[in-house]
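The primary structure of each chain is shown beneath.
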Amino acid sequence: MARARHHPSQTIVIKLGTSSIVHETTHLPLLSTLSAIVETVVHLRSQGHKVVLVSSGAIGVGLKRMEVASRPKALSKKQALAAIGQGRLIALWDNLFSQLGQPIAQILLTRGDISDRTRYLNAVNTFKELLSMGVVPIVNENDTVSVSEIKFGDNDTLSAVTSSMIHADYLFLLTDVDGLYTSNPRKDPNAARIDVVTSIASIRSQVSTKTLGSNLGTGGMETKLIAAEIATAAGVTTVITSSKDPKNIFQIIEYNTALKSGTNTPITGLHSGRSSPQPTTTAPSVTPKPSLHSDSSSTPTPSLEGQVPLVALPRPPHTLFMPSVLPLRDLKSWTSHTLYPSGSVIIDSGAHHVLSKRESGGRLLAAGVLGVRGAFASGQAVRIAIRKRRPEDATEARAGSDNAESGSPGDARTSYADGATTTTPNTPEINPAASLSSSISTLDQLSAGDEDMTPSTTLKTLPEEDTVLIERSAGDDAAEWELEEVGRGLANYNSAQIERVKGLRSSYIPQLLGYADSEYVVENITIRVPP
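Every chain's residues receive numbers from 1 upward, in the order its sequence appears when written. Local features in this predicted model are restricted to residues of pLDDT 70 or higher, and side-chain atom pairs are both shown and tallied only at a pLDDT of 80 or more, whereas totals for entire chains, interfaces and linings draw on every residue. Note that the side-chain values use all heavy atoms of the structure and ignore hydrogens as well as water.

S.K.: Which residues make up the sheet that holds strand β8 (residues 196-197), and what values go with them?
M.R.: On the basis of which strands lie adjacent, the open sheet formed by 8 strands has the order β3-β4-β2-β1-β5-β9-β10-β8 and mixed pairing. In this open sheet, the two edge strands, each paired with only one partner strand, are β3 (104-109) and β8. The criterion for strand pairing is that DSSP finds at least two bridges linking the strands in question. Only runs of H or I of at least four residues qualify as helices and only runs of E of at least two qualify as strands under DSSP, and these elements are numbered from the N terminus. Bridging between strand β9 (residues 237-242) and strand β10 (residues 319-321) involves 3 bridges; their strand directions are antiparallel. Bridge pairing in β10 places Ile240 opposite Thr319.

Take a look at the structure:
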């Protein structure tokens, strides 16, 4: 039984995987684990917390009901088993929670359900109303109707999106190991648990994620890293811990709440992928395990010598992913992680630098656009991409362009901020007749019209070689470039309209399109890859 503590009310999402619900070989429900989860959730509720449970296991329960030996590969069979198992799974949860008088609700989602902003907000309102009524929502992906384009892919991602939707304080990813390890602890005795992660991008190179996961589940440790990335970007503290003792959740919350309440904490100043240090004079040491140590170049953790002891609690086994200090707004989080992008908008280096700054507001001017790929309508999600030379061509190109590129990043940023055309990409000039650009009649009209309209201005459309990129031509120049996605946003205009105004001042939009809903071609942009 957890000790009674009067902590502030928090919203907590708990995700339980198939391997924690159903036995991997017999497919029988693991009643001891499920009962412990139910008791934990009810005790959290009694302490004033709001709890959402994300539960996998519908297909696993369906396997047992139909006496099928292994998870099928055919999509239709998996959907049928999910339909059979989901009713039995929610009945099992309802039976267990009813023993303790706790009402529950079932919420089945697909990415398609919340890709529409109105439906997304309706789902958020439903969650809020259920939580205010004291109900525990039990969430699962609606596998019966989902297909690859609208699937979350796994319930780790679903739990992260759910925690973002309801602005949760904690996301607990319960699994069959007690944290993130440098390698598979089942096979490698030297595997070290990583206690605190501040940068998921940096930690990927230090851990092995391919060997974990059960035969019934669709996830593994890699999907948990993706989920942690989504949740922490939305400001949600994410924890990976073992499902074998769910009561650890109380200790984890208590431990981290005590750390946050201090003037200095042991996790302040930590770098990504380092095991959390334990001050020898203020807190007991962690259960001995091989651990990662900071490099000599790493900034040392601030000394706690002479300070008031912060906590006298042992650290329960878990890996803590620190939330972003600047969480994404709800609309940006929805755009980045919920919507399926319909196309790409290719931007220049100046726009990339500006958009990476919070002050930009995540809004892209037409002046920073090099081109588009794919067909999309206004209001749809798009990828934000930059052009990069292919590795085999980069060295040769760099040798001939060092002088030309001198100071170009700053010039590009200044030009973009002023709304002017950016510096011309240093793409080799090619014959227009070989660019296959005749299929876009609007481009030729735009080029001619711009010369007549502004004969004295320095504004100009993009060089012909960019047309090759947009058209995915088989020409030699297109082979030198590759696109890298750096973010996502919502398009204010469709692909054809952005194609017409690319590289131009926003004041030209009404003249070229006949109207101007916004001076920005894409808004609510979240840059994931900084310059």
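S.K.: Got a sec to walk through the pattern of salt bridges? Specific residues and values, please.
M.R.: For salt bridges, the criterion is a side-chain nitrogen of Lys or Arg within 4 Å of an Asp or Glu carboxyl oxygen. The tally for this structure, following the rule as stated, stands at 13 salt bridges. Here Asp178 ties to Arg193 by a salt bridge, and the two come within 3.7 Å at their closest N and O atoms. Placement of the pair is Asp178 in the loop between β5 (170-175) and β6 (180-181) and Arg193 in strand β7 (residues 193-194), with a sequence separation of 15 residues. Assigned by exposure class, Asp178 and Arg193 land together as buried. A salt bridge links Lys502 to Glu499, with the nearest nitrogen and oxygen atoms 3.5 Å apart. In this structure, Lys502 and Glu499 share a single accessibility class: buried. With a 1.4 Å probe rolled over the protein chains alone, any residue whose accessible area is under 20% of its type maximum counts as buried; one over 50% counts as exposed, and the rest are partly exposed.

S.K.: Residue-level account of the packing of helix α3 (residues 58-65) against helix α4 (residues 75-98), with values.
M.R.: At a closest axis distance of 6 Å, the pairing of α3 and α4 adopts a crossing angle of 95°. Accordingly, the angle class assigned to the pair α3 and α4 is roughly perpendicular. Residues Ala58, Ile59, Val61, Gly62, Leu63 and Arg65 of α3 touch α4, and the partners they reach there are Lys78, Leu81, Ala82, Ile84, Gly85, Gln86, Arg88 and Leu89. Under the convention adopted here, Pro, Cys and the residues Ala, Val, Leu, Ile, Met, Phe, Trp and Tyr are nonpolar, Asp, Glu, Lys and Arg are charged, and Gly plus all remaining residues are polar. Taken together, the residues of the contact of α3 with α4 break down into 8 nonpolar, 3 polar and 3 charged. Interaxial angle, 0 to 180 degrees, is taken between N-to-C directions of lines fitted to C-alpha atoms, where a helix line uses only the stretch in contact. Each angle receives one of four descriptions, namely roughly parallel if under 35 degrees, roughly antiparallel if over 145, roughly perpendicular if within 65 to 115, and oblique otherwise. Contacts are residue-level and defined by heavy atoms, with any inter-residue pair within 4.5 Å sufficient.

S.K.: I'd like a rundown of the pairing of strand β16 (residues 520-527), residues and numbers included.
M.R.: The buried count for β16 comes to 7 of 8 residues, which makes it a mostly enclosed element. Pairing of strand β12 (residues 364-365) with β16 involves 2 bridges; the strand directions are antiparallel. Its bridge partner being in β16, Leu364 is matched across the sheet by Val522. One ladder, built from 4 bridges, connects strand β15 (residues 481-491) with β16; its direction is antiparallel.

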